Amino acid sequence: MPGHNQTTVYEFILLGFPDLHTFWLLVFLILLVVYMVTMLGNILIIGLVSSTSQLQSPMYIFLTHLSLCDILISTNVGPNTLRVTVLGQCYISALSCDMQLYFFGSLAITECTLLTVMSYDRYLAICDPLHYTAIMNQTLPHCLAMTCWLVGFLLSMITEILIFQLDFCGPNIIDHFFCDLAPVLQLSCSDTKSVEILVSISVIAVVFTQLLFVIGTYICIFISILQISSTSGRQKIFSTCSSHLMIVSTYYGTLIILYVAPSRGYSLNLNKMLSLINTIVTPLFNPIIYSLRNKDIKIAISKNIFHNNPETARHPLERV
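Residues numbered from 1 in each chain as written. Predicted model: local features only at pLDDT ≥ 70, side-chain atom pairs only at ≥ 80, totals over all residues. Heavy atoms only, no water.

J.: Would you take a moment to explain the state of the cysteines for this structure?
T.: Two cysteines, two sulfur atoms, one covalent bond between them: this is a disulfide. Applying the stated criterion to the full structure yields 2 disulfides. Across the disulfide from Cys97 sits Cys179; the S-S distance is 1.9 Å. Its S-S torsion of approximately -120 degrees makes the covalent link between Cys97 and Cys179 left-handed. Note that Cys97 is positioned in helix 3 (residues 94-127) and Cys179 in the loop between strand 3 (173-174) and helix 6 (181-186), a separation of 82 residues in sequence. Each sulfur in the disulfide pair Cys169 and Cys189 lies 2.2 Å from the other. (Disulfide = S-S within 2.5 Å. Helix = DSSP H or I, 4+ residues; strand = E, 2+ residues; numbered from the N terminus.)

J.: Can you help me understand a nonpolar patch on the surface in this one?
T.: Taken together, the side chains of Trp24, Leu25, Leu29, Val86 and Leu87 make up a nonpolar region of the molecular surface, amounting to roughly 440 Å² of accessible area. For the nonpolar patch, the secondary-structure elements that each account for two or more residues are helix 1 (24-51) and helix 2 (58-87). Of note, Val86 is situated in helix 2. Judged by relative accessible area, which is 39%, Val86 ranks as partly exposed. (Patch = residues over 30% accessible without salt bridge, like charges linked within 9 Å, V, L, I, M, F, W, Y side chains within 5 Å. Areas by Shrake-Rupley, 256 points an atom, 1.4 Å probe, with all protein chains shown as cover. Salt bridge = Lys/Arg side-chain N within 4 Å of Asp/Glu carboxyl O. Buried < 20%, exposed > 50% of the residue type's maximum accessible area, 1.4 Å probe, protein only.)

J.: Help me understand helix 7 (residues 193-226), please; the structure alone is not making it clear to me.
T.: For the α-helix, the turn length of 3.6 residues means that residues three or four positions removed from each other point alike. Relative to the 50 Å expected for 34 residues at 1.5 Å per residue, helix 7 spans 47 Å between its end C-alpha atoms, a close match to the ideal helical length. A bend of about 30 degrees at Val203 is the largest found in helix 7. (Expected span 1.5 Å × (residues − 1). Bend = angle between axes of the 7 residues up to and from the residue.)

J.: Would you mind showing me how to read the nonpolar core here?
T.: Inside soluble globular proteins, nonpolar side chains tend to come together where they are buried. Counting 76 residues, the largest nonpolar core has Phe12 and Ile174 as the members making the most contacts within it. Ranked by residue count, the leading element in this core is helix 3, at 14 residues. If we ignore the near neighbours within four places in the chain, the residues touching Ile174 are Phe12, Ile13, Leu14, Leu15, Cys97, Cys179, Pro183, Val184 and Leu187. (Core = buried A, V, L, I, M, F, W, Y, C linked by side-chain atoms within 4.5 Å. Contact = heavy atoms within 4.5 Å.)

J.: Just to check I follow, could you spell out the sheet that holds strand 3 for this structure?
T.: For sheets, the rule is that strands pair by backbone hydrogen bonds, running either parallel or antiparallel. A sheet is described by the order of its strands in space; here 3 strands give the open sequence 2-1-3, paired in mixed fashion. Both edges of this open sheet fall to strand 2 (90-93) and strand 3, since each of them pairs with a single strand only. Here strand 1 (residues 11-14) runs beside strand 3; their pairing, made up of 2 bridges, is parallel. Each bridged residue has a counterpart across the sheet, and for Ile13 the counterpart in strand 3 is Ile173. Sheet strands touched by helix 2: strand 1 and strand 2. Its angle to strand 2, the strand with the most contacts, is close to 145 degrees. (Pairing = 2+ DSSP bridges. Axes fitted to C-alpha atoms, helices over the stretch in contact; angles between N-to-C directions.)

J.: Got a minute to help me understand the pattern of salt bridges in this structure?
T.: Oppositely charged side chains can pair when the atoms bearing their charge come close. On inspection of all chains with the given rule, the structure shows 2 salt bridges. With its nearest N and O atoms 2.6 Å apart, the salt bridge here joins Asp121 to Arg122. With respect to burial, Asp121 and Arg122 carry one shared label: buried. The residue Asp175 makes a salt bridge to Lys272 at a minimum N-O spacing of 2.8 Å. Note that Asp175 is positioned in the loop between strand 3 and helix 6 and Lys272 in helix 9 (residues 268-292), a separation of 97 residues in sequence.

J.: So what exactly am I meant to see when it comes to the UniProt feature "transmembrane region" (unreviewed entry) in the chain here?
T.: What UniProt calls "transmembrane region" (unreviewed entry) maps, in this numbering, to residues 23-48, 139-158, 197-225, 237-261 and 273-292. Annotation note: span residues 23-48, helix share 96%, strand share 0%, distance between end C-alpha atoms 37 Å. Across residues 197-225 one finds 100% helix and 0% strand; the C-alpha atoms that close the span lie 40 Å apart. (UniProt positions renumbered as here; feature names shortened; annotations may be inferred.)

J.: What am I meant to see in the packing of aromatic side chains here?
T.: Centre distance and the angle of the planes are the two values used to describe a pair of aromatic rings. On inspection of all chains with the given rule, the structure shows 11 aromatic pairs. A ring pair is formed by Phe17 and Phe177, whose centres lie 5.3 Å apart and whose planes are at 20 degrees; its orientation type is stacked. Residue Phe17 is located in the loop between strand 1 and helix 1, and its partner Phe177 is located in the loop between strand 3 and helix 6; the two are separated by 160 residues in the primary sequence. Ring centres of Tyr120 and Phe213 lie 6.2 Å apart, and the angle between their planes is 45 degrees; this geometry places the pair in the tilted category. Taken together, the positions of Tyr120 in helix 3 and Phe213 in helix 7 put the pair 93 residues apart, joining distant regions of the chain. For Phe213, a relative accessible area of 36% translates into the label partly exposed. The structure contains a cluster of three or more aromatic residues connected by ring pairs, namely Phe17, Phe104, Phe177 and Phe178. (Phe/Tyr/Trp six-rings, centres within 6.5 Å; stacked < 30°, edge-to-face > 60°.)

What follows is the structure in structure tokens.
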């Protein structure tokens, strides 16, 4: 952030949650438990997929990258959130704030893109199972996953370059629990319209495009579900898709609200609530909804932890 010589602010004060009062310990314990469970859950998924040959299908490759992204998001935001909850407020250098903002933006876009790729994988498995293996060969899933990371970090870099050129002359108090875009822009004494316009364009061009793609794939999935003759088969796939759609809707919805209009006068309380969902709740739900409720993962846990050895080979339609 200190990109110009006129910049006089070299550290910021994060206020965190100033209205907690006597409830700070309860909030701290809740956040600590959520952070630990999030880390353990996602590390478990990565470990199981890496060590289990039956979990080397494309869906679990994407799940591994999603878990890694959730770990990085939680690590980027979680420890600082715990610290500011205990202390009431804490100092963070301008450079550290800048890096936290960049990595959060990069990882948010990466996760958004991974969710889109996963919806495409589910579309192929449900709507075109006969060609699923041929399309999702050994190379394509890895290429798609790497592309998600590149899109996230390169696109966020463009915004970060503009933010780095802004002047911060004071005040230096950020009414948030981490360095998020909207409260940081509010502290700049430069004109931030170019950054706000670029972020809005990026969200429209990337996030909305991907959201439309996800909606299109799920329309096709629902049509295929209606064509399944077995009632139990329809209910099983519909239930799983509903869980997936819940996470996609939560993530895309909060992301769009956070970054389409990061302008002055933006509700910081709403920003905090939505940011908590993005940085704390969603990384916790991902391993539960995508993996821990999945039969293949349960079988892998039973095999690796409890040393049982059940059969795991199943049709792509069942790997949802």
